[in-house]
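Structure assessment
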There are 2 protein chains.
Amino acid sequence: MTATQIDGRAIAARMMFETLTEAKALADAGWQPRLVSISVGDVAAAELYVRNQQKQAEAAGVEFEARNYPSEISLEQLTGVLAGLNADPRVNGIIIQRPLPAHIPVKTLQKAVHPLKDVEGMHPSSIGNIVYNDLALGPCTAVAAVEILKSLPLKVEGLDVCVIGHSEIVGKPIAFLMMGLGATVTVCHHMTRQVSVHSRRADAVFVAVGKPGLVTGEMLKPGAALIDIGINRVEGKTVGDADFASCAEVAGWITPVPGGVGPVTVAILMKNAVLATRMQMEHYRSAFAIAV
Amino acid sequence: MTATQIDGRAIAARMMFETLTEAKALADAGWQPRLVSISVGDVAAAELYVRNQQKQAEAAGVEFEARNYPSEISLEQLTGVLAGLNADPRVNGIIIQRPLPAHIPVKTLQKAVHPLKDVEGMHPSSIGNIVYNDLALGPCTAVAAVEILKSLPLKVEGLDVCVIGHSEIVGKPIAFLMMGLGATVTVCHHMTRQVSVHSRRADAVFVAVGKPGLVTGEMLKPGAALIDIGINRVEGKTVGDADFASCAEVAGWITPVPGGVGPVTVAILMKNAVLATRMQMEHYRSAFAIAV
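An unreviewed UniProt entry lists chain A under the name Bifunctional protein FolD, from Fuscibacter oryzae. As stated in UniProt under Sequence similarities (unreviewed entry), the record for chain A gives "Belongs to the tetrahydrofolate dehydrogenase/cyclohydrolase family." Under Pathway (unreviewed entry), UniProt gives the following word-for-word description of chain A: "One-carbon metabolism; tetrahydrofolate interconversion."

Here is the structure:
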């Protein structure tokens, strides 16, 4: 193995420390950051995930309330719940846990969260603001992947970047976050004729598809950075989208799975929670300001 | 010259005819589409442009009111004007003409237009919806460029596309509109190391930078489609970003400037005006629906 393994937990720990400091300052000013997590129905699939968020929230000085609603709840009832949380000054951020029952379309819920409380960065106006290079609350996984790249000793301006996977919440946001930083970005996906033509030219490759072993060493340029966003269960183990062994022989830097993008994503969620609280504080102050 | 010259005026005429039919149907239902154009200060630069929009609006069955405000108007007054237009049922679309005086930031105005009246497709939530592949009101120039490409006998899925220029309202939206259609997209800009490395591999090149002669024939793959979005004044003539003579020797299809993307952009603006009117009608109907 020639690649340097990127330590996502160390990057996350650094961010969490900054977030904790900021959360304490806000709490001192009367703005204790507080998240509400919404899950619907049988949550066995998401439970471990939610419990981890809760633990990380505590470590970041963010209060966390996990709510579970029965799977029979209607879309109207659930958007009513969200309207209540939007109007509640004690709630600074709302997380919508997936999976949701089939009758609850996730996009409708995402749009029902006020953009200033959208800590997951999923609201269309949050996404549009990234395109405008006006990053407020960005989608956590995409922001985490980009933060990891930024931690490497590479000059991002002019960097040739290949993003494999063009989902709305990971691939596309990574693409325009990197464009905003001055990289030349190519986005590949299942309709791309030959992904390796693009990936082999790239100084950095992001992969977020959900197919174990999709990226192999011969698809990389020697010395390239590989940021693996995939999370797959294979024979009881969690693996990414890269064939780690062969990629680590060619890449210059590589993220492990687990221990790479995952912990940084949770750290970004907490950072967003604190940032959202600050934005709400400023919004409140300007709304209550008196012109003299 | 080997390239087929793309007739933007013919494509626009076809769209305008469809829009006129749709506008008449809405007018018959009590929803006559109506645009308000806002310009501020000395409008000599924009006047020809506004007059052309007015003429095209009439041809598309869309009423058009051009308003001009003095350059001393404050940002607060102007956002107040927009709030009034947002609330006015006789106004279906708002166009903010550029340039604006230095004390009026264009983005603040764009955000003050209600997303359902954002016929220019500039509001962050309009842009975010494109990323979500949920095209309602898209930014006119980007949509026009993509519509021109779609009119060619090329299979867009898997097509290798190079976008030169990464502005928020043209380059980036073209990139994710094309991604949404299944193309493999590379976005180049002023920090890209060598644009020709990317453009020469591409089956279709979009250029939107504002530099005459930026794209030359040797930067293209033989037979590629070249969509030129640049509008530059050189020695009293309007030219695009491509060196037309050398590009036309190599490309398979090429848009002229003028007569290419320009007329289609105005046609998309009118199409958006009518679509916005329809969305407002549906919004009104659902707001006034009575549950029985």
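Picking up where we left off.
Under the definition given, this model contains 22 salt bridges over all chains. Between B:Arg193 and A:Asp160 there is a salt bridge, with the nearest N and O atoms lying 3.7 Å from each other. Placement of B:Arg193 in the loop between β6 (184–188) and α8 (195–199) and of A:Asp160 in strand β5 (residues 160–164) is noted, with the two residues assigned to different chains. By relative accessible area, B:Arg193 is classed as exposed at 53%. The class for A:Asp160 is buried, based on a relative accessible area of 12%. Linking B:Arg278 and B:Glu22 is a salt bridge whose minimum nitrogen-to-oxygen distance equals 2.6 Å. Separated by 256 residues along the polypeptide, B:Arg278 in helix α10 (residues 261–287) and B:Glu22 in helix α1 (residues 8–28) bring together distant segments of the chain. You can call B:Arg278 partly exposed: its relative accessible area is 28%. Residue classification places B:Glu22 among the partly exposed residues on the basis of a relative accessible area of 27%. Among the ionic contacts, a cluster of salt bridges with common partners joins A:Arg34, A:Glu63, A:Glu65 and A:Arg67.

Residue and element names in this part refer to chain B. If you walk across this open sheet you meet the 3 strands as β3-β2-β4, and the pairing is parallel. At either margin of the open sheet sits one strand with a lone partner, and together these are β3 (63–69) and β4 (93–96). Neighbour to neighbour, the strand axes of the sheet diverge by 20° on average, direction disregarded. As judged from the 7 bridges shared by strand β2 (residues 34–40) and β3, these two strands associate in the parallel manner.

Each aromatic ring pair is described using two quantities: the centre-to-centre distance and the angle formed by the ring planes. Residues and elements named next belong to chain A. Across all of its chains, the model carries 5 aromatic pairs over all chains by this definition. When the centroid spacing of 5.5 Å and the interplanar angle of 70° are considered together, the rings of Trp-31 and Tyr-284 count as edge-to-face. Of this pair, Trp-31 sits in the loop between α1 (8–28) and β2 (34–40) while Tyr-284 sits in helix α10 (residues 261–287), placing them 253 residues apart in sequence. An aromatic cluster of at least three residues, connected via ring pairs, comprises Trp-31, Tyr-284 and Phe-288.

Conventions we followed
Residues numbered from 1 in each chain as written. Chains lettered and ligands numbered in written order. Predicted model: local features only at pLDDT ≥ 70, side-chain atom pairs only at ≥ 80, totals over all residues. Heavy atoms only, no water. UniProt positions renumbered as here; feature names shortened; annotations may be inferred. Salt bridge = Lys/Arg side-chain N within 4 Å of Asp/Glu carboxyl O. Helix = DSSP H or I, 4+ residues; strand = E, 2+ residues; numbered from the N terminus. Buried < 20%, exposed > 50% of the residue type's maximum accessible area, 1.4 Å probe, protein only. Pairing = 2+ DSSP bridges. Axes fitted to C-alpha atoms, helices over the stretch in contact; angles between N-to-C directions. Phe/Tyr/Trp six-rings, centres within 6.5 Å; stacked < 30°, edge-to-face > 60°.

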